[in-house]
Amino acid sequence: VKNHYADSLNCSIEEDLCMGTELNSNVFEAFGLHLRGELVTSRIIAHKDDLCEVVIDRNMYLGHTDYEIEAEYSDRNEDIALKYLKIIALYLYEKNVISSVETFLARIGQSQSKSARFFEKLHIGNSST
């Protein structure tokens with residue numbers, strides 16, 4: 001279970017709360033909730049220092065897998081984060097993973113959160129049945 005909050009620098013802080021080694025639906029039912037799916041993220045840290053962290057996530061949910069690149073930085077370090085994203089974009093372009101560095105960079109900040117994609121997929125899956 002993940003808890004999100006912002007600190008005084010308007011940075012997103014994530015705190016992982018371990019609820020056990022196995023998923024127990026009773027935890028959800030105790031709050032009147034029903035488990036509808038699971039989102040599992042595997043993360044690779046591409047770069048991390050005091051100025052910026054860039055990670056690559058593989059998200060698996062509802063029979064679907066997607067990938068995202070996240071950069072976390074303070075406002076004064078935006079140029080540094082962009083530099084690392086450009087390096088990653090060039091590498092992905094050279095490996096024929098993306099077709100355009102410019103299109104990749106233009107999408108920065110435009111994608112939905114992984115939880116929004118999960119719920120969209122859940123909604124689409126339920127509407128087709």
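Residue positions are given per chain, counting from 1 as you read along its sequence in written order. Local features are withheld for residues below a pLDDT of 70 in this predicted model, meaning they are given only at 70 or higher, and side-chain atom pairs are given and counted only at 80 or more; totals for whole chains, interfaces and linings count all residues. Heavy atoms from the whole structure form the basis of all side-chain values; hydrogens and water molecules are not counted.

## So, the overall build of the protein
Where we set the bar: In DSSP terms, a helix is any run of H or I states spanning at least four residues, a strand is any run of E spanning at least two, and both are numbered starting from the N terminus. Exposure classes here rest on a 1.4 Å probe applied to the protein chains alone. A residue is buried below 20% of its type maximum, exposed above 50%, and partly exposed in between. Should any heavy atoms of two residues lie within 4.5 Å, those residues are considered in contact. For accessible areas, the Shrake-Rupley method is used with a probe of radius 1.4 Å. Any residue's cover is judged against the shown protein chains and nothing else.
A count of helical and extended segments in the protein gives four helices and five strands. Along the chain direction, N to C, the helices and strands of the protein fall in the order β-β-α-β-β-β-α-α-α. Taken across its 129 residues, the protein has 20% of its residues classed as buried. Partitioning the intrachain contacts of the protein with sequence separation of at least 6 by distance along the chain shows that 29% fall at a separation of at least 24. When the accessible surface of the protein is summed, it comes to about 9900 Å², and 52% of that surface belongs to carbon and sulfur atoms.

## Some remarks on the pairing of strand S3 (residues 39–48)
This is how the line gets drawn: Any two strands with at least two DSSP-identified bridges between them are counted as paired.
With nine bridges connecting them, S3 and strand S4 (residues 52–61) associate as antiparallel partners. Residue pairing for S4: His47 is matched across the bridge by Val54. Two successive antiparallel strands, S3 and S4, enclose a turn made up of three residues.

## Here's the deal with the environment of Gln112
Where we set the bar: The term polar contact refers here to a pair of N or O atoms within 3.5 Å; inside protein, the definition further demands a hydrogen-donor-capable atom paired with an acceptor-capable atom, and it admits residues adjacent in sequence only when both atoms are side-chain atoms.
With respect to the secondary-structure elements, Gln112 resides in the loop between helix H3 (101–106) and helix H4 (114–127). Given a relative accessible area of 37%, Gln112 falls into the partly exposed group. Setting aside its immediate chain neighbours within four residues, Gln112 contacts Arg117 and Glu120. Engagement of the side chain of Gln112 in a polar contact is seen with the side chain of Glu120, the distance being 3.4 Å.

## Things to note about H4
As a reminder, the rule being used: Helices are assigned an expected span. That span is 1.5 Å times one less than the residue count. Arc definition: directions from the helix axis to the C-beta atoms.
Between its first and last C-alpha, H4 extends 20 Å over 14 residues, near the 20 Å set by a 1.5 Å rise per residue. Taken together, the buried positions of H4 are occupied by Lys114, Arg117, Phe118 and Leu122. The buried side chains of H4 occupy one side of the element, clustering within an arc of 135° when seen end-on. Residues of H4 that are exposed and angled more than 90 degrees away from the buried face: Phe119, His123 and Ser127. The inward-facing, buried residues of H4 abut S3, S4 and strand S5 (64–73).

## Considerations on unusual backbone geometry
Most peptide bonds take the trans configuration, and most residues that are not glycine carry a negative phi. The backbone of Leu62 sits at a positive phi, close to 50°, despite the residue not being glycine. Although it is not a glycine, Asn96 sits at a positive phi angle of roughly 60°. You can see Asn96 is positioned in the loop between helix H2 (78–94) and H3.

## Quick notes on a nonpolar patch on the surface
Rules: Each patch is built from residues lacking any salt bridge and having more than 30% relative accessible area; the joining distance is 9 Å for like charges and 5 Å for nonpolar side chains (Val, Leu, Ile, Met, Phe, Trp, Tyr). Counted as salt bridges are all cases of a side-chain nitrogen of Lys or Arg within 4 Å of a carboxyl oxygen of Asp or Glu.
A contiguous nonpolar surface patch, about 310 Å² in accessible area, is contributed by Val27, Phe31 and Leu33. The residue Phe31 is located in the loop between helix H1 (25–30) and S3 in this model. A residue is classified by how much of its surface remains accessible, and Phe31, at 67% relative accessible area, is exposed.

## A word on the confidence of the model for the protein
Going by this rule: The pLDDT score gives, residue by residue, the confidence of the prediction method on a 0 to 100 scale.
In this model, the protein carries an average pLDDT of 83, and 79% of its residues clear a pLDDT of 70 or more. Ranking the elements of the protein by mean pLDDT puts strand S1 (residues 2–6) last with 52 and H3 first with 95.

## Overview of the sheet that holds S4
Rules: Here an axis means a line fitted to C-alpha atoms, over the contact stretch when the element is a helix, while the angle between two N-to-C directions is reported on a 0 to 180 degree scale.
Ordered in space as S3-S4-S5, the three strands form an open sheet in which the pairing is antiparallel. On the outer flanks of this sheet lie S3 and S5, each paired with one strand and no other. Strand-to-strand twist across the sheet, computed as the mean angle between neighbouring axes with direction ignored, equals 20°. Each of S3, S4 and S5 is contacted by H4, which is oriented at about 15° to S4, the strand it contacts most.

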